[in-house]
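Fold and geometry: a report
Chain by chain, the residues run as shown.
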Amino acid sequence: MKGASGLVPPANDDREQDLLRASADFGHIVDSHPLGVLTARSVGAVQELVAFAGPRGIAVTARGGGQALYGQGQADGGYVVDMAGLNDVRCVPEDRVLVAGAGALWSDVVRAALAAGLAPPVVPDHLGGSVGGVLSTGGFGGASHRFGLVADWVRELEVVTGAGERLVCSQQVYPDLFRAVLAGLGQCALIVRATLQLLPAPARVRRYRLYHRTPGTFFTDQRRLARDARFSHVAGQARPALDGGWHYMIEAVAPHDGQLQPEDGLFIGDLDHDPDTEEIEDLSYAEYLHRLDRDERLLRATGEWHRPHPWLTLLLPEEAATSFVPAVLAEDAQQALRFCGTVQLRPLTGSTLHAPLLRRPPGERLCLLSLMRTAPPDRPDVVRRLVAANRAIHTRATAVGGVLHPGGALPMTPDDWRTHFGPDWDELVRAKALYDTHRVLTRGYGLWP
Ligand SMILES: Cc1cc2nc3c(=O)[nH]c(=O)nc-3n(C[C@H](O)[C@H](O)[C@H](O)COP(=O)(O)OP(=O)(O)OC[C@H]3O[C@@H](n4cnc5c(N)ncnc54)[C@H](O)[C@@H]3O)c2cc1C
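Residues numbered from 1 in each chain as written. Predicted model: local features only at pLDDT ≥ 70, side-chain atom pairs only at ≥ 80, totals over all residues. Heavy atoms only, no water.

Digging into the nonpolar core
Counting residues in each nonpolar core, the largest one holds 98 residues, and the members touching the most others are L135 and L157. Of all the elements, strand 13 (residues 246-256) adds the most residues to this core, at six residues. Leave out the neighbours within four places in its chain, and L157 touches L135, L167, V168, C169, F178, V181, L182, I191, R193 and A194. Counting 19 residues, the second largest nonpolar core, distinct from the first, contains L49, A53, I58 and Y79. (Core = buried A, V, L, I, M, F, W, Y, C linked by side-chain atoms within 4.5 Å. Buried < 20%, exposed > 50% of the residue type's maximum accessible area, 1.4 Å probe, protein only. Helix = DSSP H or I, 4+ residues; strand = E, 2+ residues; numbered from the N terminus. Contact = heavy atoms within 4.5 Å.)

Side note on the sheet that holds strand 4 (residues 89-92)
One open sheet holds the five strands; their spatial order is 4-5-9-7-8, and the pairing between them is antiparallel. A single partner strand is all that each edge strand has here, and the edge strands are strand 4 and strand 8 (166-170). Adjacent strand axes in the sheet meet at a mean angle of 20° when their direction is disregarded. Note that strand 5 (residues 97-101) and strand 9 (residues 189-197) share five bridges and pair antiparallel. Along strand 9, the bridge assignment pairs G101 with R193. In the packing of helix 2 (residues 43-56) onto the sheet, contacts are made with strand 7 (154-161), strand 8 and strand 9, and the angle to strand 7 comes to roughly 45°. This element, helix 3 (residues 106-115), spans strand 4, strand 5 and strand 9 of the sheet and lies at about 30° to strand 4. (Pairing = 2+ DSSP bridges. Axes fitted to C-alpha atoms, helices over the stretch in contact; angles between N-to-C directions.)

With respect to the sheet that holds strand 2 (residues 60-63)
Spatial strand order, 1-3-2: three strands in an open sheet with parallel pairing. A single partner strand is all that each edge strand has here, and the edge strands are strand 1 (36-39) and strand 2. Across this sheet, the average inter-strand angle for adjacent strands is 25°, counted without regard to direction. The strands that helix 1 (residues 12-22) touches are strand 1, strand 2 and strand 3 (79-82); relative to strand 1, the one it contacts most, it runs at about 100°. Together, strand 1, strand 2 and strand 3 form the strand contacts of helix 2, whose direction differs from that of strand 3 by roughly 170°.

Some thoughts on the domain arrangement of the protein chain
Where the parts come together, the accessible area they lose is often given as the size of the interface. Split by domain assignment, the protein chain resolves into domain 1 (85-201) and domain 2 (203-291). Placing a centre on the C-alpha atoms of domain 1 and another on those of domain 2 gives a separation of 28 Å. The interface of domain 1 with domain 2 comprises twelve residues on the first partner and twelve residues on the second. Buried surface at the junction of domain 1 and domain 2, summed over both partners, amounts to about 1,000 Å²; 61% is from carbon and sulfur atoms. On the domain 1 side of the interface with domain 2, the three residues burying the most area are G142, H145 and R146, jointly 41% of the side's total. Scanning the region where domain 1 abuts domain 2 turns up one salt bridge. (Domains from an automatic or database assignment. Buried area = accessible area lost by both parts, 1.4 Å probe. Salt bridge = Lys/Arg side-chain N within 4 Å of Asp/Glu carboxyl O.)

Re the site of the ligand
The environment of the ligand is made up of 32 residues, and the closest members are A62, G64, Q72, S130 and F140. The backbone of Q67 places a nitrogen or oxygen atom 3.0 Å from an oxygen atom of the ligand. At 2.8 Å from a nitrogen atom of the ligand is found a main-chain nitrogen or oxygen belonging to I191. Of all the secondary-structure elements, those providing two or more residues to the shell around the ligand are strand 2, helix 4 (131-137) and strand 9. (Near = heavy atom within 4 Å. Polar contact = N/O pair within 3.5 Å; in protein donor to acceptor, adjacent residues only side chain to side chain.)

Quick notes on the packing of aromatic side chains
Following the criterion strictly, the structure yields 13 aromatic pairs and no others. A ring pair is formed by F26 and W311, whose centres lie 5.5 Å apart and whose planes are at 70°; its orientation type is edge-to-face. In this pair, F26 is assigned in the loop between helix 1 and strand 1 and W311 in the loop between helix 10 (293-302) and strand 15 (312-317), connecting sequence segments 285 residues apart. Since its relative accessible area comes to 11%, F26 is described here as buried. Here the aromatic cluster, defined as three or more aromatic residues joined through ring pairs, consists of W417, F421, W425, Y445 and W448. The lysine or arginine in question, R291, covers the ring of Y288, its NZ or CZ lying 4.1 Å from the ring centre. For R338, the ring lying beneath its charged end belongs to W246, and the centroid distance is 5.0 Å. (Phe/Tyr/Trp six-rings, centres within 6.5 Å; stacked < 30°, edge-to-face > 60°. Lys NZ or Arg CZ within 6 Å of the ring centre and 35° of its normal.)

In structure tokens:
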């Protein structure tokens, strides 16, 4: 196919490589057979492809950083649009905004913003996701307890709708489209450019890692820190203890300017952690934001990075999390998490989460639980068992008011999605009918029959 925007098929070897990449993702559980891959070099080319595919009913899915876990970024029998070429990033310090192509990675965003002494209010922990990909799921980071989602700080989006229209939307212009795209799982449009709001960045931060022996003291302290303003970033993990149980670790971060040092006693003196094991470290803000780079290098070196990742992420009412989390971690099916994986526990504040399509439990005090585990590459039976365990945990979480965070390794039927979106389902259906009439976009989530 060749048109005005230059949709030229790549050479054979490159084509094979592109197809191979587009047929898999970070999850390494689902694979597919796309018809072709468009390496997006211009918005016009994306628009042309969608306009071609839509009326023919051919699936189109954007691929950014490839971090999807269960085929959500794939297009079986259709076209994958590789957004990596749309990666320009322009910081406008006087307006405190940054304009990014959807294929730019968060590492690109952070680099450009910090160079101007600014940063997005919420930055995902891992910087290898793309701007478009993270905005399509919402995006959580260490500052989410104060500032909500990454997507809550978008001023404006430029998108290509499923109807092949190139539109700019915001809270003022096409607000229905804006609402349907943020945390909207790529259902109504592909994001091609985003204007992100920025705030002044701290020069340095002091990072505290505080270990708790019981989930009770952990959740009490984490709740306290999520409510008061002493720390800019609060996150947590459950970590395996030698006695076969679990320790609970709060990671809390206080910004400072390098001159006036935080007084540790004022920050952590009233908390209920074990003071003998606390870890305190000063870092530049850039080092803090890049804190997972080292882990990634290690996981790549050990091969873990390339193994199947049957991850599951849930939003729980915090009062339920106190007993739900230890019960899940005690299950036989979760014991592999002790050796390869991470259990993340992030405090969230209901009233700071604004993107309407992000489903969450009612109430103010929430906990994001991520079971981030790895399975052996040559044991599809183990992967199947873990995906089934995800299903069982999801069902139990729902019974205590929990909600799935989409994007995990959990097959969902259209009926499951209808239940998931609840009262917002009808608005999504309306937006889909309007902006992706042919239902060609991002079929990997399985929202539609
Ligand atoms: C190691 C790791 C760490 C992570 N850490 C965090 C974290 O700290 N916080 C957090 O919130 N999430 C985190 N995630 C989840 C990740 O941010 C989401 O899965 C995100 O959607 C990934 O985007 P991507 O572009 O990298 O992935 P892709 O696989 O390329 O895309 C993911 C989904 O987004 C869609 N998409 C991609 N680009 C666009 C676009 N331009 N327009 C519309 N739809 C698009 C794809 O079609 C697909 O459905 C992490 C994931 C991994 C693997």
